[in-house]
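One letter stands for each residue in the lines below.
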Amino acid sequence: MEWGQFFGTASVVAVIVILQWPRMKDYSKRDKGGFIALLLIGLILSLFNLQHIKGPLDLEKAIFHPISRIIGK
């Protein structure tokens, strides 16, 4: 985890909030909550190096590869 990357992303999130929040004064609380939630999800995901995290295909291989050896191709 690189803290510089996190603080860079946090500054971009802060700029987005500063620029967009005045335009959202007529929006409902639900829309404002969704806006903040999406920004926080992006901020949290910036903490992880997503290029090296295994994906769903790796999980599928881990589950079905042993079964295929038992059953046969």
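### Here we look at the overall build of the protein
So, point 1. Assigned secondary structure in the protein consists of 3 helices and 0 strands.
So, point 2. The C-alpha atoms of the protein give 20 Å as radius of gyration, which overshoots the globular expectation for 73 residues (11 Å, by more than 25%).
So, point 3. Taken over the C-alpha atoms alone, the protein extends approximately 60 × 30 × 10 Å along its principal axes.
So, point 4. Going through the 73 residues of the protein one by one, you find that 10% of them count as buried.
So, point 5. Accessible area of the protein: about 6500 Å², with a carbon and sulfur share of 67%.
So, point 6. Computing the positive centroid from 9 side-chain charges and the negative centroid from 5, the protein places the two 3 Å apart.

### Things to note about helix 3 (residues 56-71)
So, point 1. Here helix 3 spans 22 Å end to end across 16 residues, near enough to the 22 Å set by a 1.5 Å rise per residue.
So, point 2. Along helix 3, the sharpest kink reaches roughly 30°, centred on Phe64 and followed within four residues by the proline Pro66.
So, point 3. For helix 3, a buried count of 0 out of 16 residues is recorded, marking the element as mostly open to its surroundings.
So, point 4. Immediately beyond the C-terminal end of helix 3, within one or two residues, lies Gly72, with a positive phi of roughly 100°.

### Thoughts on the confidence of the model for the protein
So, point 1. For the protein, mean pLDDT is 87; residues scoring 70 or higher make up 97% of the total.
So, point 2. Mean pLDDT across the elements of the protein bottoms out in helix 3 (85) and peaks in helix 2 (residues 29-45) (94).

### Observations regarding the packing of aromatic side chains
So, point 1. Scanning the entire structure with this criterion turns up 2 aromatic pairs.
So, point 2. Taking the centre distance of 6.3 Å and the plane angle of 35° together, the rings of Trp21 and Phe35 count as tilted. With Trp21 in the loop between helix 1 (3-20) and helix 2 and Phe35 in helix 2, this pair connects stretches of sequence that are 14 residues apart.
So, point 3. Looking at Phe35, the relative accessible area reads 18%, which means it is buried.

### What about a nonpolar patch on the surface?
So, point 1. Taken together, the side chains of Trp21, Ile36, Leu38, Leu40, Ile41, Ile44, Leu45, Phe48, Leu50 and Ile53 make up a nonpolar region of the molecular surface, amounting to roughly 940 Å² of accessible area.
So, point 2. Within the secondary structure layout, Leu50 lies in the loop between helix 2 and helix 3.

Here is what the cut-offs are and how they apply
- Residues numbered from 1 in each chain as written.
- Predicted model: local features only at pLDDT ≥ 70, side-chain atom pairs only at ≥ 80, totals over all residues.
- Heavy atoms only, no water.
- Helix = DSSP H or I, 4+ residues; strand = E, 2+ residues; numbered from the N terminus.
- Rg over C-alpha atoms; globule rule 2.2 N^0.38 Å.
- Buried < 20%, exposed > 50% of the residue type's maximum accessible area, 1.4 Å probe, protein only.
- Areas by Shrake-Rupley, 256 points an atom, 1.4 Å probe, with all protein chains shown as cover.
- Lys, Arg positive; Asp, Glu negative; His and termini not counted.
- Charge placed at Lys NZ, Arg CZ, Asp CG, Glu CD.
- Expected span 1.5 Å × (residues − 1).
- Bend = angle between axes of the 7 residues up to and from the residue.
- pLDDT = per-residue confidence, 0-100.
- Phe/Tyr/Trp six-rings, centres within 6.5 Å; stacked < 30°, edge-to-face > 60°.
- Patch = residues over 30% accessible without salt bridge, like charges linked within 9 Å, V, L, I, M, F, W, Y side chains within 5 Å.
- Salt bridge = Lys/Arg side-chain N within 4 Å of Asp/Glu carboxyl O.

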